[in-house]
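Working through the structure, step by step
The primary structure of each chain is shown beneath.
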Amino acid sequence: MPEAPKNSRKSNDVSSVAEENKKTLHFIEDVTTKADEVQKRVLAEILSRNANVEYLQRHGLKNGYTDRETFKKVMPVITYEDIQPDINRIANGDKSPIFCSQPISEFLTSSGTSGGERKLMPTTEEELGRRSMLYSLLMPVMSQFVPDLEKGKGMYFLFIKSEAKTPGGLLARPVLTSYYKSPHFKNRRPDPYTNYTSPNETIFCPDSYQSMYSQMLCGLCQNAEVLRVGAVFASGFIRAIRFLEKHWALLCHDIRTGTVNTELITDQSVREAVMKILKPDPKLADFIDAECGKKSWQGIITRLWPNTKYVDVIVTGTMSQYIPTLDYYSNGLPLVCTMYASSECYFGVNLNPLCKPADVSYTLIPTMCYFEFLPIHRNNGVIDSVSASKSLNEKEQQKLVDLVDVKIGQEYELVVTTYAGLYRYRVGDGLRVAGFKNNAPQFNFICRKNVVLSIDSDKTDEVDLQNAMKNAVSHLMPFDAHVTEYTSYADTTTTIPGHYVLFWEINLNGSTPVPPSVFEDCCLTIEESLNSVYRQGRASDKSIGPLEIRVVEVGTFDKLMDYAISLGASINQYKTPRCVKFAPITELLNSRVMSNYISPKCPKWIPGHKQWNNMN
């Protein structure tokens, strides 16, 4: 199998960088040309090394079969719920080889949920190396389009999140927290492409405010050296810019005096790391003060960091809602989406990174895992129930196609078999084939299945929202009031961080008006009823703002139906959408708001699953 290039740079000289980039680009060319051959070898390697694990034995893959045909015949296509009992065994301390011959080193907590709690993805030490390898592909690709990136720094806002321990003692934490805390990141070799303005100590600070303040301070101090800026998600980068809007005066004072505000930054290791960078610079402080003090913040990124060549953030899927805001702050700098990854596995890279966000496609790297694809069929624009259903019958399973057999323009759900022990696992992502790099397909990311609301890494589907609504409306019963119709949308423009908005049309039968405090209780009850990823975003990460209920005039949803029919909807098939995104519809709803109410406090959230905490 083609070997991924090893990072063997001895120095940052131009010839060394160019030589390493050449090796990396050759590797991409090689594995995409031999895509099917590589995929066969990947599957055979996964099955041979895990031949004796319980899960494969249970499903009849015995005698060390490693061929594709036998694998597809006997192994079922699964969802998380199918393997959750086995996951729970591992979490509770079972160390036997259930999925994988290698020991499970930790769980990666997915932003997807099951039963309101984060999904737990088993992983191994080896898998960290594979993920690091994919990171190593990004900048050699980027250097083809933007030269001389090795001559400056990247200002990236990177954060760790809370982690927990399972009853069996394994860590459970988000995939990026796992990566940042690993030796692959902490002890990374000197490399011009991983030369960041943020010292490791500022990234590892568990207090999100101190982490953001210190990273922003370091980024401003080194503003002339910054060639690229970014965060993981578009939402995170915009939060950083809004943080600057609120705190630029304090930051300017620290730069002017060459001191760190000890009341704000109490973490000793963070202060020491920042002080190695920070020097008194009244001229820079005056410059930042003048730019931030202007009435308009349009183009603030290029004004404060004038050498910036692009913004590196994910703007596909639900993150596309942030594109206009990013364009405003960056004066239309290229928005670059470099890679496609998840907690289950890292998948691929964008080989045309300067394309428009709407045209982003990811080339799946055949060495990462074994890929299969379940065709998605649409009925009047809605995904067919075959793909949406939990389990597939034998005929439906036979419809899965291999990596090299997908068709341009067709939509598929991604199914993976990984080195860490997931077999024919449905990731839940909808992808459309945009083209090919040699023999490896390139995919547009279409959607995460069933998600209706998302601000950051949260994913709320219609069932979650309906259940939360049921819990909330009980507060209205003593006043003989009930919600006749509702819809929602993710407001990412009027507040940063963004927040969920619910529009309620209410029938008031009683004579006593509903007090504002009752509606506030409804807001909080909805938040308490949503999944743990949402509640973490509200209570710990501060990446989601307080939920809002807007009460609209009676008859508003009739007008909403009239508007839909005027656009061609069938009156017989029309049903109220539970989430709206189309600007004219949100404008119609907002024009008829009579009152609005905000959740009075954060919902309860603690790291780990509820059942673990109940055991302590």
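Here goes a summary of the coordinates provided. One numbering rule holds for all chains: residues counted from 1, following each sequence as written. Residues qualify for local features only when their pLDDT is at least 70, as the model is predicted, and side-chain atom pairs are given and counted only at 80 or more; totals for whole chains, interfaces and linings, by contrast, use all residues. To get the side-chain values, all heavy atoms of the structure are used, and hydrogens and water are removed first.

1. Points about the overall build of the chain
In DSSP terms, a helix is any run of H or I states spanning at least four residues, a strand is any run of E spanning at least two, and both are numbered starting from the N terminus. From N to C terminus, the chain includes 23 helices and 24 strands. Each radius of gyration reported is based on C-alpha atoms, and the globular scaling rule is 2.2 Å times the count of residues to the power 0.38. Over its C-alpha trace the chain gives a radius of gyration of 25 Å, about what one expects of a compact globule, namely 25 Å for 616 residues. Viewed in the frame of its principal axes, the chain has a C-alpha envelope of about 75 × 70 × 55 Å. In this scheme, a residue with accessible area under 20% of its type's maximum is buried, one over 50% is exposed, and one in between is partly exposed, where area comes from a 1.4 Å probe on protein chains only. Within the chain, the proportion of its 616 residues that are buried is 54%. Considering only intrachain contacts with a sequence separation of at least 6, the fraction spanning at least 24 residues in the chain is 70%. Accessible surface, the chain: about 25900 Å² in total, of which carbon and sulfur atoms supply 51%. Contacts are residue-level and defined by heavy atoms, with any inter-residue pair within 4.5 Å sufficient. In short, Shrake-Rupley with a 1.4 Å probe defines the accessible areas, and a residue's cover is counted only from the protein chains shown.

2. Brief notes about helix α12 (residues 268-275)
Looking only at α12, the buried set comprises Val270, Arg271, Ala273 and Val274. Along the axis of α12, the buried positions cluster into a sector of 165 degrees, meaning they face one direction only. In the core, the buried residues of α12 are packed alongside α9 (200-204) and α10 (208-221). Comment: arc refers to directions from the helix axis out to C-beta atoms.

3. Digging into the sheet that holds strand β12 (residues 370-376)
DSSP-based pairing: two strands are paired if at least 2 bridges between them are found. Strand order in the open sheet formed by eight strands is β9-β10-β11-β18-β17-β16-β12-β15, and the pairing between neighbours is antiparallel. The open sheet has two free edges, formed respectively by β9 (339-341) and β15 (401-402), since each of these has just one partner strand. Across three bridges, the pairing between β9 and strand β10 (residues 346-349) is antiparallel. Paired with tyrosine 340 across the two strands is glycine 348, which belongs to β10. Sheet strands in contact with helix α2 (residues 35-49) are β12, β16 (411-417) and β18 (440-448), and its direction is about 110 degrees off that of β12. Here an axis means a line fitted to C-alpha atoms, over the contact stretch when the element is a helix, while the angle between two N-to-C directions is reported on a 0 to 180 degree scale.

4. Topic: unusual backbone geometry
With an omega dihedral of 0 degrees, the bond running from isoleucine 496 to proline 497 counts as a cis peptide bond. As for its placement among the helices and strands, proline 497 is situated in the loop between β21 (481-491) and β22 (499-508). Within the chain, aspartate 148 stands out as a residue other than glycine whose phi angle is a positive 70 degrees. Mapped onto the elements of the fold, aspartate 148 is located in the loop between α6 (125-143) and β3 (153-157).

5. Remarks on the sheet that holds β3
Taken in spatial order, the four strands line up as β3-β6-β7-β8 in an open sheet, and their pairing is parallel. One side of each edge strand has no neighbouring strand; the edge strands of this open sheet are β3 and β8 (335-336). As paired elements, β3 and strand β6 (residues 226-233) share five bridges and run parallel to each other. Looking at β6, one finds that glycine 154 is bridged to arginine 228.

6. Thoughts on the packing of aromatic side chains
In this analysis, rings of Phe, Tyr and Trp, with Trp reduced to its six-membered ring, are considered paired at centre separations within 6.5 Å, and the interplanar angle assigns stacked below 30 degrees, edge-to-face beyond 60, and tilted for intermediate values. This model, assessed by the stated rule, comprises 25 aromatic pairs. For the pair tyrosine 135 and tyrosine 179, a centre-to-centre distance of 4.4 Å together with 25 degrees between the ring planes defines the contact as stacked. Highlighted residues: tyrosine 135 in helix α6 and tyrosine 179 in helix α7 (residues 175-180), separated in sequence by 44 residues. A ring pair is formed by phenylalanine 519 and tyrosine 597, whose centres lie 4.5 Å apart and whose planes are at 15 degrees; its orientation type is stacked. In this pair, phenylalanine 519 is assigned in helix α19 (residues 516-529) and tyrosine 597 in strand β24 (residues 593-598), connecting sequence segments 78 residues apart. When sorted by exposure, phenylalanine 519 lands in the same class as tyrosine 597, which is buried.

7. A word on empty space enclosed by the protein
Space inside and on the surface of the protein is sampled on a 1 Å grid over the protein atoms alone, with a cavity defined as a set of points where a 1.4 Å probe fits but cannot get out and a pocket as an open set with protein on both sides within 12 Å along at least 5 of 7 lines; lining residues have an atom within 4 Å of a point. Grid points are joined across faces, edges and corners, and a volume is the space filled by probe spheres set on the points. Per the counting criterion, the structure on display carries five cavities of 30 Å³ or more. The computed volume of the largest cavity comes to approximately 150 Å³. As for the largest cavity, its lining consists of 18 residues, of which Thr109, Arg118, Trp605, Pro607 and Gly608 are closest to the centre. Among the elements of the structure, β2 (117-123), β5 (171-173) and α20 (532-539) are those that each provide at least two residues to the lining of the largest cavity.

8. Side note on the layout of surface pockets
Any empty space left between atoms is shown by rolling a water-sized probe over those atoms. In this structure, the second largest pocket spans a volume of roughly 260 Å³. Every residue lining the second largest pocket is counted, 15 residues in all, and those nearest its centre are Ile90, Asp94, Lys95, Pro103 and Ile104. In this classification, Asp, Glu, Lys and Arg are treated as charged, Ala, Val, Leu, Ile, Met, Phe, Trp, Tyr, Cys and Pro as nonpolar, and every other residue, Gly included, as polar. Classifying every residue of the lining of the second largest pocket by side-chain character gives eight nonpolar, five polar and two charged.

Just geometry here; none of it tells us what the structure is for.
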